[in-house]
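Coordinates in review
Here is what each chain is made of, one letter per residue.
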Number of protein chains: 2
Amino acid sequence: MAAIRVAACQLNPAVGDLEANVRAILAALARAEEAGCDLAVFGELAITGYPPEDLLLKGGFVADNLAALEQVASATRHCAAVVGFVEAAQHLHNAAAICVGGSVVGVTRKVLLPNYSVFDEQRYFAPGAAPGPLYIVAGVRVGVSICEDAWSPTGPLMAQAAGGAELLANLSASPFAAGRLATREQMLSSRAAAASCPLAYVNQVGGQDELVFDGGSMILDAAGGVMARLDQWVEDVMVIDVEAPPRPGATLPQVVVSEHPRAHARLGPPPPRHVPPGPEEEIYQALVLGTRDYVRKNGFTGAVIGLSGGVDSSLVAAIATEALGPDYVHGVAMPSRYSSEGSLTDAAAVAGSLGIELRTVPIEPAHSTMSAMLAPVLGGPPIGLTEENLQSRIRGVILMALSNALGWIVLTTGNKSELATGYSTLYGDSAGGFAVIKDVPKTLVYALCRHINAIKGHEVIPEAVLFKAPSAELRPGQRDDDSLPAYEVLDPLLAAYVEADRTAVELVADGFDPALVERVTTLVDRAEYKRRQGPPGVRVSSKAFGKDRRVPITNRYGLRR
Amino acid sequence: MAAIRVAACQLNPAVGDLEANVRAILAALARAEEAGCDLAVFGELAITGYPPEDLLLKGGFVADNLAALEQVASATRHCAAVVGFVEAAQHLHNAAAICVGGSVVGVTRKVLLPNYSVFDEQRYFAPGAAPGPLYIVAGVRVGVSICEDAWSPTGPLMAQAAGGAELLANLSASPFAAGRLATREQMLSSRAAAASCPLAYVNQVGGQDELVFDGGSMILDAAGGVMARLDQWVEDVMVIDVEAPPRPGATLPQVVVSEHPRAHARLGPPPPRHVPPGPEEEIYQALVLGTRDYVRKNGFTGAVIGLSGGVDSSLVAAIATEALGPDYVHGVAMPSRYSSEGSLTDAAAVAGSLGIELRTVPIEPAHSTMSAMLAPVLGGPPIGLTEENLQSRIRGVILMALSNALGWIVLTTGNKSELATGYSTLYGDSAGGFAVIKDVPKTLVYALCRHINAIKGHEVIPEAVLFKAPSAELRPGQRDDDSLPAYEVLDPLLAAYVEADRTAVELVADGFDPALVERVTTLVDRAEYKRRQGPPGVRVSSKAFGKDRRVPITNRYGLRR
């Protein structure tokens, strides 16, 4: 039976860094060539990184991407490379170039252009005409498709199989969301089985603003079984011999890339790798990689976090420490006249268990000075929400001064439940460069803390932190549940309203308490202006605030009159 | 010759406020009915307001929009109404309903769905099949099209004309940009002339987050001449008798709405109205309406502005005063140890000439207190940029305290040149709810100030303000041109980089100074994270930061290594 040696090249590109992306592609290609591969498969838009967004509107950028592709093509020898790039014809196309022997020998265009959720491909690209030619590589007919083209059971990937493909290669940039790896595997498995054709799926890895790509590339056999997989969250190249059963006469046009497999002894089966992780672990890893890549790709030398002794800032510190190493994470405690004693000791305990430094800046002098300054124009010192926000904003100013003076990025600590309800202070606790857990609801914050304690085998986040009642400590004896329902009640309602897009009327019909629905949906709608000014953060759910959920700020739907 | 009486109904909907939008439609329809009209034309998505963005993903919202359309349809009698709404078939469609005698008698779907610049229609809608039927209204064959369908010279509007239409009705939500009215008129004129067919063009008016719709609806005759127009910037209904020359046999399918015109004496020609304004006036009006609608539609009772005595905050105060009235605009002077004496007197002069109140909160106490608080963790008091930003952020905290305590929205005063280069302090002068002049380059700021002085006939913005060198006054003797090139040099370079999407290499080839190109493009790229956290503001250019220009924050293209 024909076998083709394939390299699955799972890389972490930086958007726009054509030079570095080409370097990484060439290094992987050299490994594939040396390993005697016939075919090296890279990710979607591997040249530019995904998604390049409006850089694509710069003609000069597209031209530079073409020059970068030429560099890759000219380095190819016996091993054919399939590389994602931007093709410039009458319109732009999200495309894959097939390169061998120093040149580009074929181009396949993406047909199905996602334009929903976090995707905006119809803003930039015109669709290709389905389903493209087959490429004869090592005598095997290879169908090349790009990401979404695999997702439709009647899409281009299946059309290539029906048209005679003996191996399917799919180049992807499929962002992580909780449970996505399993969904993806199920989809790919059913495609391969329905097509009776092996399938090499290569996904991008790495963080890009709000998106994190988990990698998790895999090779499936013609029965739909996973033959081999690459680890999630890391760059890696996997070389594998794929049996490609010959199929009767093909109906699609064909482009000859190479007639025969390169001479080599067959490789043994790939070592078993990577047990797909449980739900907390995959989210934890997504948060770690998303944070690491945002900080590093944007050139920061370290991160600073306001440590309140609460569960959110403790989790963010733990994630940042895993992402950057303890020497690059700096905690700051900023106690106020309303802080409990436990706050400081808990913050110190977290810093101690993580091995990060902790500085302390009490905010009382600024609190009393600014209250006195404001009294004449407010007709008395700030009270209520004004005073609460004042304290939070003083803390924001302190963190930003540290950021300015020392070059550290401020990591904010707000969770998705807070962002949803607006339970945060704009320019206060929401001030910073990256919002690590902005897509993590409070109930999941607790689960992640317990998970970290379990995998680390000790109380990274002290039980005291996990057991005390959540409080912003902006007035005496304040507790979150003074203003918000218990998170166990709130989070399912928020998921239904935000992620499942139910309306207030429908939520009541679903059985949620009417008064609660009215209160919570009003809070969510009114907080849109705050979210719009929040920093980006890692998307881990099926619908995150930010790039994903695009509602108007000026929005009078369901207005309470 | 057949004449049809048409009402052009130019309304200012609020996105999502189905109830209020229906009320306004019904009021306009009653006027049209009473005036003996045969046809009342409304704007694109008049039921929901444009653009409803991700509200469209809520099935309940779409259902409510259908119920709202039924309300409108059931109120129709003799006068047919053409109303923009969201049709829910297998997919959603941006559609126009033709209603008469209490029911919907036809639906035409938008064919060309813009998905560029500020438009994302392919995220939500599927295209209709061109070009829809003709509707016989008052015995006249009317072609109904939606916005973009008029813009292509080979699009659905022209296909309707070729298929026998005797009157073309286009429902639009076409946002303002400088010079847009003239472009639109030119386009419509050439369509009407090419089609030899009169054209009724109805545009939405009003502000919606970053967009402002200027209205400027117009009726063109079969020679392409403008017969009548509605003023820009206001809600209004215009009734006009349109000559619709009969044309030979139609090829498109036809739906009978009404066979004969309603009996009435012919109206005289419409009064001449609205001389399209000059470039400064139209931008000024756009800023005024965009600000007024953001503030009002979001329920604020007033606005507060930090008045520095500089040209930017003076302009913003003048716009806000025009938009809201002097009683609803509150100035705050926040002098520091580095403020010149002129700053305070200039701020007072501006407040005086606008008739707005001015409160004064010197920031010295907070400046010295927070410097002392930070000294231990910084190893000395804040200096340089850290100290500059500290002052700016203290001012941000003061303005936000006033906002919290008194319910006023903070209007920020940064201009487009500053936003582009990052010459602003995140959470400092950029803190606020609405960024009135975020899309106005500094050179245009001056031109607008002079324009306001000219139209008001006195020095609203004192000459002293216009003549002093721009300065942030965050250190002794500071001037903008210490850090930035002169704005006359900077603004054209920014326009080429930001609006024309030239790359750094191309800008040098265009003849810009290479060192300046490197410095400025680096500033622009690095400031993306700040812009992402800035408040929304009125778009007045062909490419505004925000909804329009969507570049990645993590962007290593053209990286200086």
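First, a word on what this report is: a plain description of the structure on this page. (Residues numbered from 1 in each chain as written. Chains lettered and ligands numbered in written order. Predicted model: local features only at pLDDT ≥ 70, side-chain atom pairs only at ≥ 80, totals over all residues. Heavy atoms only, no water.)

1. Quick word on the overall build of chain A
Across its full length, chain A holds 18 helices and 20 strands. For 561 residues, the compact-globule estimate of 2.2 N^0.38 gives 24 Å, and the C-alpha radius of gyration of chain A, at 26 Å, lies within 12% of that figure. Seen along its three principal axes, the alpha-carbon backbone of chain A occupies a region of about 85 × 50 × 45 Å. Counting the 561 residues in chain A, one finds 63% classified as buried. Relative to all contacts within chain A whose residues are 6 or more apart in sequence, the contacts with residues 24 or more apart total 75%. When the accessible surface of chain A is summed, it comes to about 18,600 Å², and 57% of that surface belongs to carbon and sulfur atoms. (Helix = DSSP H or I, 4+ residues; strand = E, 2+ residues; numbered from the N terminus. Rg over C-alpha atoms; globule rule 2.2 N^0.38 Å. Buried < 20%, exposed > 50% of the residue type's maximum accessible area, 1.4 Å probe, protein only. Contact = heavy atoms within 4.5 Å. Areas by Shrake-Rupley, 256 points an atom, 1.4 Å probe, with all protein chains shown as cover.)

2. Some points on the side chain of A:Asp214
All names here are of chain A. Its location among the elements puts Asp214 in strand β11 (residues 211-214). For Asp214, the side chain forms a polar contact with the side chain of Gln232, separated by 2.8 Å. Ignoring anything within four residues of it in the chain, the contact list for Asp214 reads Ser174, Pro175, Phe176, Leu181, Arg184, Asn203, Gln204, Val205, Gln232 and Trp233. (Polar contact = N/O pair within 3.5 Å; in protein donor to acceptor, adjacent residues only side chain to side chain.)

3. Here's the deal with the relation of the copies chain B and chain A
If you rotate chain B by 180° and push it 0.0 Å along the axis, it lands on chain A with an RMSD of 0.0 Å. As the rotation angle and translation indicate, the two copies are arranged about a two-fold axis. Among all C-alpha atoms of chain B, that of B:Gln533 lies closest to the rotation axis, at 2.1 Å. Looking at the interface residues of chain B, 100% of them are also at the interface in chain A, so both copies use one shared face. (Least-squares fit on C-alpha atoms with pLDDT ≥ 70 in both.)

4. Points about unusual backbone geometry
Between A:Ala130 and A:Pro131 the backbone carries a cis peptide bond, its omega angle lying at -20°. Residue position: A:Pro131 is located in the loop between β5 (103-109) and β6 (134-137). In the Ramachandran plot, A:Cys147 falls in the positive-phi region, its phi being about 35° despite a non-glycine side chain. Examined against the element boundaries, A:Cys147 turns out to sit in the loop between β7 (140-146) and α3 (148-151). The phi dihedral of B:Ala138 is positive, around 55°, even though this residue is not glycine. Relative to the elements of secondary structure, B:Ala138 occurs in the loop between β6 (134-137) and β7 (140-146).

5. Brief notes about the packing of helix α9 (residues 364-378) of chain A against helix α9 (residues 364-378) of chain B
Close contact between α9(A) and α9(B) brings their axes to 9 Å; oriented N to C, the two are set at 180°. Considering their axes alone, α9(A) and α9(B) lie roughly antiparallel with respect to each other. Where α9(A) approaches α9(B), its residues A:Pro365, A:Ala366, A:Thr369, A:Met370 and A:Met373 are matched on the opposing element by B:Pro365, B:Ala366, B:Thr369, B:Met370 and B:Met373. (Axes fitted to C-alpha atoms, helices over the stretch in contact; angles between N-to-C directions. Parallel < 35°, antiparallel > 145°, perpendicular 65-115°, else oblique.)

6. Description of the interface of chain B and chain A
Every contact between the two is made by 87 residues of chain B and, on the other side, 87 residues of chain A. Between chain B and chain A, the buried area comes to about 7,000 Å², and carbon and sulfur atoms account for 56% of it. One can count 4 salt bridges joining chain B with chain A. For A:Lys58, the salt bridge goes to B:Asp501, with nearest N and O atoms at 3.9 Å. Along the contact surface separating chain B from chain A lie 41 residue pairs in polar contact (both at pLDDT 80 or more). Mapped onto the side of chain B that touches chain A, the elements with two or more residues apiece are α1 (18-34), α2 (59-75), α6 (279-297), β18 (357-360), α9, α10 (384-406) and α18 (528-532) of chain B. (Buried area = accessible area lost by both parts, 1.4 Å probe. Salt bridge = Lys/Arg side-chain N within 4 Å of Asp/Glu carboxyl O.)

7. Considering the pairing of β7(B)
All names here are of chain B. Within β7, 7 of the 7 residues are buried, which leaves it mostly tucked inside the rest of the structure. Going residue by residue along β7, you find Val140, Val142, Val144 and Ile146 tucked away on one face and Arg141, Gly143 and Ser145 tucked away on the opposite face as well. In this structure, β6 lies alongside β7, joined through 4 bridges in antiparallel fashion. Bridge pairing in β7 links Leu134 to Gly143. Note: β7 against strand β8 (residues 167-172), 5 bridges, orientation parallel. The residue of β8 that forms the bridge with Ile146 is Leu171. (Pairing = 2+ DSSP bridges.)

8. Looking at the sheet that holds β18(B)
All names here are of chain B. Within the open sheet, the 5 strands sit side by side as β18-β17-β16-β19-β20. Their pairing is parallel. Looking at the sheet topology across the chains shown, the edges are occupied by β18 and β20 (434-435). Examined bridge by bridge, strand β16 (residues 303-306) and strand β17 (residues 329-333) share 4 bridges and lie parallel to one another. Across the sheet, residue Gly306 finds its bridge partner in β17, namely Val332.

9. Comments concerning the environment of B:Ala161
Residues and elements named next belong to chain B. Within the secondary structure, Ala161 is located in helix α4 (residues 156-162). Take Ala161: its relative accessible area is 5%, and that puts it in the buried class. For the pair Ala161 and Leu374, spaced 213 residues apart in sequence, the C-alpha to C-alpha distance is 72 Å. With sequence-adjacent residues up to four places away left out, Ala161 is seen in contact with Leu168, Ala195 and Arg247.

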